[in-house]
Amino acid sequence: MAVMSCHDSGSRVNEVEERLSNELAQLVKDIWRVGDPKKPEVPFGVLFDDDDVQQHYEGLAATLKAAKKRGIITYKSPLLLKGAHDKVMVNLVDKSPLTAKSGDLEELKKSGAKIGR
C-alpha cells in the first residue's frame, strides 16, 4: 500500500483546485454562450442539453453546486435534476458581459460556437 506524503497530498489538492477553477471559468463562458447573449442566465435544461456542455462536464449538477457555493451563480432550487428542474434559471452573479472580459465572447464567435439558443 502506497503512503502519500504531505507534499503529495498538497500537490493533489492544488491540482483539484486548479481543475475546479478551470471548470468554473468554463461554466461562466457556457452560460453566456448557451443562454441569452444579453443576459447572464440560462434554463438548466437548455444548459444540460447543450452538446458542448455534455462533453465537457463529468457532473454538471455538481459543478453548478460548486459555483453556487462560491457565489458565482444563483438558482432557486436546492438541487438540479434533468427533467424535474429544466425550467430553473441559472443566473450569473457577475452580470458584466464577456465582451468586457478580454474579448471572450468574440473568441467564442470566431471559433464557430453557437451563441444563444
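From a predicted model like this one, the values you see are computed outputs, not experimental measurements. (Residues numbered from 1 in each chain as written. Predicted model: local features only at pLDDT ≥ 70, side-chain atom pairs only at ≥ 80, totals over all residues. Heavy atoms only, no water.)

Undergrad: Hey, could you run me through the packing of aromatic side chains in this one?
TA: What characterises a pair of aromatic rings is the spacing of the ring centres plus the angle enclosed by the ring planes. What the rule picks out here adds up to one aromatic pair. Consider the rings of F44 and F48, whose centres lie 5.7 Å apart with planes at 55°: the pair is tilted. Here F44 pairs with F48, and both are found in helix α2 (residues 44-49), just four residues apart, close to one helical turn. (Phe/Tyr/Trp six-rings, centres within 6.5 Å; stacked < 30°, edge-to-face > 60°. Helix = DSSP H or I, 4+ residues; strand = E, 2+ residues; numbered from the N terminus.)

Undergrad: Before we go on, may I ask you to explain the sheet that holds strand β2 (residues 73-74) in this structure?
TA: Whenever strands of a sheet pair, they do so through backbone hydrogen bonds, lying parallel or antiparallel. Spatial ordering of the open sheet is given by β1-β3-β2, a layout of three strands whose pairing is antiparallel. At either margin of the open sheet sits one strand with a lone partner, and together these are β1 (41-43) and β2. Pairing of β1 with strand β3 (residues 89-92) involves three bridges; the strand directions are antiparallel. Bridging from a neighbouring strand, V42 pairs with V90 of β3. (Pairing = 2+ DSSP bridges.)

Undergrad: Could you clarify how one ought to interpret the nonpolar core in this entry?
TA: Nonpolar side chains tend toward joint burial in soluble globular proteins. Of all hydrophobic cores here, the largest spans 20 residues; its most connected members are L27, I31, L47, L60, L64, I73 and V90. Of all the secondary-structure elements, those providing two or more residues to this core are α1 (6-34), α2, α4 (60-69) and β3. Ranked by the residues each element gives to this core, the list is headed by α1, at six residues. (Core = buried A, V, L, I, M, F, W, Y, C linked by side-chain atoms within 4.5 Å. Buried < 20%, exposed > 50% of the residue type's maximum accessible area, 1.4 Å probe, protein only.)

Undergrad: Sorry if this is basic, but what is going on with the environment of S21 here?
TA: As for its placement among the helices and strands, S21 is situated in helix α1. A relative accessible area of 42% places S21 in the partly exposed class. Residues S21 and A67, 46 residues apart in the sequence, show an inter-C-alpha distance of 9.5 Å.

Undergrad: What's the story with α4 in this structure? I'm lost.
TA: Along an α-helix, residues three or four apart share an orientation, since each turn contains 3.6 residues. All of the buried residues along α4 are L60, T63, L64, A66 and A67. Here the buried residues of α4 occupy an arc of 160° about the axis, which is enough to place them on one side. Those residues of α4 that are exposed and angled more than 90 degrees off the buried face are A62, K65 and K69. G71 lies just past α4 and shows a positive phi near 75°. (Arc of directions from axis to C-beta.)

Undergrad: I would appreciate a short explanation of the side chain of D30 in the present structure.
TA: Locating D30 in the fold gives a position in helix α1. The exposure class of D30 is buried, given its relative accessible area of 3%. Residues in contact with D30, not counting those within four places in the same chain, are G35, L47, V53 and Y57. (Contact = heavy atoms within 4.5 Å.)

Undergrad: Would you mind showing me how to read the pattern of salt bridges here?
TA: Where charged atoms from two side chains of opposite charge approach closely, those side chains can pair. Per the stated rule, a full pass over the model turns up seven salt bridges. Across the pair R33 and D52 runs a salt bridge whose closest N-O atoms are separated by 3.7 Å. With R33 in helix α1 and D52 in helix α3 (residues 51-56), this pair connects stretches of sequence that are 19 residues apart. On the basis of relative accessibility, which here comes to 44%, the residue D52 falls in the partly exposed class. With a closest N to O distance of 3.1 Å, K82 and D49 form a salt bridge. Highlighted residues: K82 in the loop between β2 and β3 and D49 in helix α2, separated in sequence by 33 residues. (Salt bridge = Lys/Arg side-chain N within 4 Å of Asp/Glu carboxyl O.)

It is worth stressing that arrangement in space is one thing and function is another; only the former is reported here.
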